[in-house]
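Structure at a glance
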Amino acid sequence: MFTRNERLLKHTLMDEFMAAAIAEAEQGLREGGIPIGSVLVRNGQIIGRGHNQRVQRGSPILHAEIDCLANAGRIGRYEDTVLYSTLMPCYLCAGAVVQFGIKKVIAGESQTFPGAREFMEAHGVEVIDLNLEQCQQLMRDFITQHPQLWFEDIGQLTPEGE
């Protein structure tokens, strides 16, 4: 059991780290990209941060979580890290989580995109969905304003007229 102070500290840290992920998402949006952000945490410290840069860099695989992991650099071991993302990771990013042995993922939301939660859980990853309105609103606004870009991002872009 956690003491009251431990629960408060845990909640405060989760808020701090998700706030950093949200700041990354907002940065991506300011750059003209898709507003998804991520941070990697070890021992209460952010060791990597990133945001979706598919548009900015013209890369089909530079999702927020991948950018975050790349920015963290070669850290050797990942089992003692926690990945925060403003959106439930997709299969590409979930594959990286499983491959590197990250044991915990905290997502801001999964209402606008369900992601690959079951895949991660099936591979022993603890997944927490905070269901944050702020993260949902970021995505709802973006999808409404840029539906074609969003459907391209999730691999569901169809030729015009279909």
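As a reminder, the structure under discussion sits directly above these lines.
Let me sum up the structure you'll find in this document. Values in this document were obtained by computation on a predicted structure and should not be read as measured data. (Residues numbered from 1 in each chain as written. Predicted model: local features only at pLDDT ≥ 70, side-chain atom pairs only at ≥ 80, totals over all residues. Heavy atoms only, no water.)

**Re the overall build of the protein**
Stated precisely, the cut-off is as follows: Runs of H or I in DSSP of at least four residues are treated as helices and runs of E of at least two as strands, each being numbered from the N terminus. Each residue gets one of three labels from its accessible area relative to the maximum for its type: buried under 20%, exposed over 50%, partly exposed in between, using a 1.4 Å probe on protein chains only. Working rule for contacts: check all heavy atoms of both residues, and any pair within 4.5 Å makes them a contact. Here the open area of atoms and residues is found with the Shrake-Rupley method and a 1.4 Å probe, where only the protein chains shown may cover a residue.
For the protein, the helix and strand inventory stands at 7 helices and 5 strands. Out of the 162 residues in the protein, the part that is buried amounts to 45%. Excluding contacts between residues fewer than 6 apart, the proportion of contacts in the protein whose partners are at least 24 apart in sequence is 55%. Carbon and sulfur atoms provide 52% of the accessible area of the protein, an area that totals close to 8,700 Å².

**Quick look at the layout of surface pockets**
Keep this limit in mind: Grid points spaced at 1 Å over the protein atoms alone were grouped into cavities, where a 1.4 Å probe fits but cannot get out, and pockets, open sets with protein on both sides within 12 Å along at least five of seven lines, with lining residues defined by an atom within 4 Å of a point. Grid points are joined across faces, edges and corners, and a volume is the space filled by probe spheres set on the points. Each residue receives one of three labels: charged for Asp, Glu, Lys and Arg, nonpolar for Ala, Val, Leu, Ile, Met, Phe, Trp, Tyr, Cys and Pro, and polar for the others, Gly being one of them.
Taken as a whole, the second largest pocket spans an internal volume of roughly 160 Å³. What lines the second largest pocket is a set of 16 residues, among which His63, Cys90, Phe113, Asp153 and Ile154 lie closest to the centre. Of all the secondary structure elements, the ones that give two or more residues to the lining of the second largest pocket are α3 (64–72), α4 (91–100) and α7 (147–153). Considering only residue class, the lining of the second largest pocket consists of 11 nonpolar, 3 polar and 2 charged.

**Considerations on the packing of aromatic side chains**
Using the following cut-off: A pair of Phe, Tyr and Trp rings is counted when the ring centres sit within 6.5 Å of each other, with Trp represented by its six-membered ring. The angle between the planes then sorts it: under 30 degrees is stacked, over 60 is edge-to-face, the rest tilted.
Counted by the stated rule, this structure contains 4 aromatic pairs. For the pair Phe113 and Trp150, a centre-to-centre distance of 5.8 Å together with 90° between the ring planes defines the contact as edge-to-face. In this pair, Phe113 is assigned in the loop between β4 (104–107) and α5 (117–122) and Trp150 in helix α7, connecting sequence segments 37 residues apart. Of the two residues examined, Phe113 and Trp150, each falls in the buried class.

**A word on the pairing of strand β5 (residues 126–129)**
What counts here: When DSSP finds two or more bridges between two strands, those strands count as paired. By definition, the crossover connecting two strands over a helix is right-handed if that path, from the first strand to the second, turns clockwise as seen with the strands pointing away from the viewer.
Relative to β5, β4 runs parallel, the two being bridged by 4 bridges. Bridge pairing links Lys104 to Glu126 in β5. In this fold, β4 hands off to α5, which returns the chain to β5; that crossover is right-handed.

**Focus: the packing of α3 against α4**
Condition: Lines fitted to C-alpha atoms define the axes here, with helix axes fitted over just the stretch in contact, and angles between the N-to-C directions of these axes take values from 0 to 180 degrees.
Running from amino to carboxyl end, α3 crosses α4 at an angle of 35°, the nearest separation of the two axes being 8 Å. Judged by residue contacts, Glu65, Ile66 and Leu69 of α3 engage Leu92, Cys93, Ala96 and Phe100 from α4. Class assignment of the residues belonging to the contact of α3 with α4 gives a composition of 6 nonpolar, no polar and 1 charged.

**Structural notes on the sheet that holds strand β1 (residues 37–42)**
The mixed open sheet is built from 5 strands, whose spatial order is β2-β1-β3-β4-β5. Whereas interior strands pair on both sides, the edge strands pair on one side only; in this sheet they are β2 (45–51) and β5. Across the sheet, the mean angle from the axis of one strand to that of its neighbour is 15°, orientation sign disregarded. Each of β1, β2 and β3 (81–85) is contacted by α3, which is oriented at about 135° to β2, the strand it contacts most.

**Looking at the side chain of Glu109**
Spelled out, the test is: For this count, His and the chain ends are skipped, Lys and Arg are scored as positive, and Asp and Glu as negative. We count a salt bridge whenever a side-chain nitrogen from Lys or Arg sits within 4 Å of a carboxyl oxygen from Asp or Glu. Distance and chemistry together define a polar contact, namely a pair of N or O atoms within 3.5 Å, with one atom able to donate a hydrogen and the other to accept it when in protein, and with adjacent residues in sequence counting only for side-chain atoms on both sides.
Within the element layout of this structure, Glu109 appears in the loop between β4 and α5. Of the side chains bearing the opposite charge, Arg140 lies closest to the buried Glu109, which forms no salt bridge; the N-O distance is 6.7 Å. At 2.4 Å, the side chain of Glu109 and the side chain of Thr112 are in polar contact.

**Re the nonpolar core**
Our working definition: Among the buried residues, those of types Ala, Val, Leu, Ile, Met, Phe, Trp, Tyr and Cys that are joined through side-chain atoms within 4.5 Å form a nonpolar core.
Among the nonpolar cores identified, the biggest contains 18 residues, and Leu40, Leu83, Val97, Ile102 and Met120 are the most heavily contacted of them. Contributions of two or more residues to this core are made by α3, α4 and β4. In this structure, Phe17, Ala25, Val82 and Leu138 belong to the second largest nonpolar core, which totals 13 residues.

**Remarks on the environment of Ala19**
Within the fold, Ala19 resides in helix α1 (residues 4–30). Spatially, the C-alpha atoms of Ala19 and Gly108 are 9.7 Å apart, while their sequence positions differ by 89 residues.

That's the geometry; what it means functionally is another story.
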